[in-house]
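Commentary on secondary and tertiary structure
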Amino acid sequence: MNVSEALEQRKSVRAFLDKSVEQDKINAILNAAKHAPSGVNTQPWQVAVVTGERKQKLQDKIERAFRSGDKGQADYSYYPNKWIEPYKSRRKECGLLMYSTLKIERNDKQAQLDQWAANYRGFDAPVMLLFFLDAGMEAGSYMDYGMFLQSIMLAAVDHGLSTCPQASLADYSNIIKAELNYPKDSILLCGMALGYEDKDALVNSYRTSRENIDSFTRYFS
Ligand SMILES: Cc1cc2nc3c(=O)[nH]c(=O)nc-3n(C[C@H](O)[C@H](O)[C@H](O)COP(=O)(O)O)c2cc1C
């Protein structure tokens, strides 16, 4: 598989087979992704690979917090406080696409909540990856991390695996850091579900759209 094919094939997967991921594959993916560039080669990534009983225990705590009404508190702001166009519409379309695929009605708040809660179980994937940044690192490291994260996702595709990056998990950074013993002042950027795609699952049956390049590119010569 070449890079362009991996780029096109990667998509967010939200239902996985009940099949564990071989440790060798996890290591191969991280070994590939570690070649991502970073400013002055800082390599600011700190990855927690959570599986098995530890994952179960962690996700139970997070889902319980979510369902009890605890909205959590992320270490940084991923989304804008005030949504402007065209992002507002794209965000809406993204949600509608998933809920309409799952035939979840606009006013069925319980079904929407249950679907969202799946985030906190890492979509029941066998592996939950969590990505930390040391306190004091700045915006450049967030950029570096984006490259690392995409590298993981592409390498996963190359190994026949699927992913879903998850900002939602960052909301429960206090629970996650306490459970996994990461420093309180570290920054939990996001999580990621990793596993084998359940190709029969409805939630995996759609693809999101993309703008044409002329909508975001200007040429100067
Ligand atoms: C950093 C990051 C965080 C994300 N967080 C979530 C999340 O918490 N839950 C979720 O279902 N999808 C999440 N997504 C997936 C996006 O919704 C998805 O990438 C987008 O709709 C484009 O679809 P695609 O990944 O299938 O191409 C996240 C994506 C990124 C890059």
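Overview of the structure.

So, how was this worked out
- Residues numbered from 1 in each chain as written.
- Predicted model: local features only at pLDDT ≥ 70, side-chain atom pairs only at ≥ 80, totals over all residues.
- Heavy atoms only, no water.
- Helix = DSSP H or I, 4+ residues; strand = E, 2+ residues; numbered from the N terminus.
- Rg over C-alpha atoms; globule rule 2.2 N^0.38 Å.
- Buried < 20%, exposed > 50% of the residue type's maximum accessible area, 1.4 Å probe, protein only.
- Contact = heavy atoms within 4.5 Å.
- Areas by Shrake-Rupley, 256 points an atom, 1.4 Å probe, with all protein chains shown as cover.
- Lys, Arg positive; Asp, Glu negative; His and termini not counted.
- Charge placed at Lys NZ, Arg CZ, Asp CG, Glu CD.
- Axes fitted to C-alpha atoms, helices over the stretch in contact; angles between N-to-C directions.
- Parallel < 35°, antiparallel > 145°, perpendicular 65-115°, else oblique.
- Left-handed = near helix turned anticlockwise from the far one by under 90°.
- Patch = residues over 30% accessible without salt bridge, like charges linked within 9 Å, V, L, I, M, F, W, Y side chains within 5 Å.
- Salt bridge = Lys/Arg side-chain N within 4 Å of Asp/Glu carboxyl O.
- Nonpolar A, V, L, I, M, F, W, Y, C, P; charged D, E, K, R; others polar.
- Pairing = 2+ DSSP bridges.

**Examining the overall build of the chain**
Helix and strand content of the chain: seven helices and four strands. In the chain, the succession of α and β elements from N to C terminus is α-α-β-α-α-α-β-α-β-α-β. In terms of overall size, the chain behaves like a compact globule, its C-alpha atoms giving a radius of gyration of 18 Å where 221 residues would be expected to give roughly 17 Å. Taken over the C-alpha atoms alone, the chain extends approximately 55 × 40 × 35 Å along its principal axes. Across the 221 residues of the chain, 40% fall into the buried class. A sequence separation of at least 24 residues applies to 85% of the contacts in the chain between residues at least 6 apart. Summed over its atoms, the accessible surface of the chain is roughly 13,400 Å², and 50% of this surface lies on carbon and sulfur atoms. For the chain, the centre of its 28 positive side-chain charges and the centre of its 28 negative side-chain charges are spaced 4 Å apart.

**So, the packing of helix H3 (residues 52-67) against helix H7 (residues 173-180)**
Axis separation between H3 and H7 bottoms out at 10 Å; the angle between their running directions is 155°. Classified by the angle their axes make, H3 and H7 are roughly antiparallel. Crossing geometry of H3 relative to H7 is assigned as right-handed. Residue-level contacts link Arg-54, Lys-57, Leu-58, Lys-61, Ile-62 and Ala-65 of H3 to Ile-175, Ile-176, Glu-179 and Leu-180 of H7.

**A word on the environment of Gly-191**
Along the chain, the position of Gly-191 falls in strand E4 (residues 187-195). C-alpha of Gly-191 to C-alpha of Tyr-142: the two residues are 49 residues apart in sequence and 14 Å apart in space. Not counting residues within four places of it along the chain, the set of residues in contact with Gly-191 comprises Leu-129, Leu-130, Phe-131, Cys-164, Pro-165, Gln-166 and Leu-169.

**Remarks on a positive patch on the surface**
Together, Lys-82, Lys-88, Lys-92, Arg-106 and Lys-109 make up a positively charged patch on the protein surface. Tracing the backbone shows Lys-92 in helix H4 (residues 87-101).

**Details of the packing of H3 against helix H5 (residues 109-117)**
Taken N-terminus to C-terminus, the directions of H3 and H5 make an angle of 155°; their axes are 11 Å apart at the nearest point. Here H5 runs roughly antiparallel to H3, going by the angle between their axes. As H3 packs across H5, the resulting crossing turns out to be right-handed. Facing Glu-63, Phe-66 and Arg-67 of H3, the residues of H5 in contact are Gln-110, Leu-113, Asp-114, Trp-116 and Ala-117. Per-class residue counts for the contact of H3 with H5 are four nonpolar, one polar and three charged.

**Overview of the pairing of strand E3 (residues 162-166)**
Along E3, four of the five residues are buried, which leaves the element largely enclosed by surrounding structure. Here E3 runs beside E4; their pairing, made up of five bridges, is antiparallel. Note that in E4 the partner of Thr-163 across the bridge is Leu-194.

**Some points on H5**
Along H5, the positions that sit buried rather than exposed are Ala-111, Gln-112, Gln-115 and Ala-117. Lining the buried residues of H5 we find H3 and H4.

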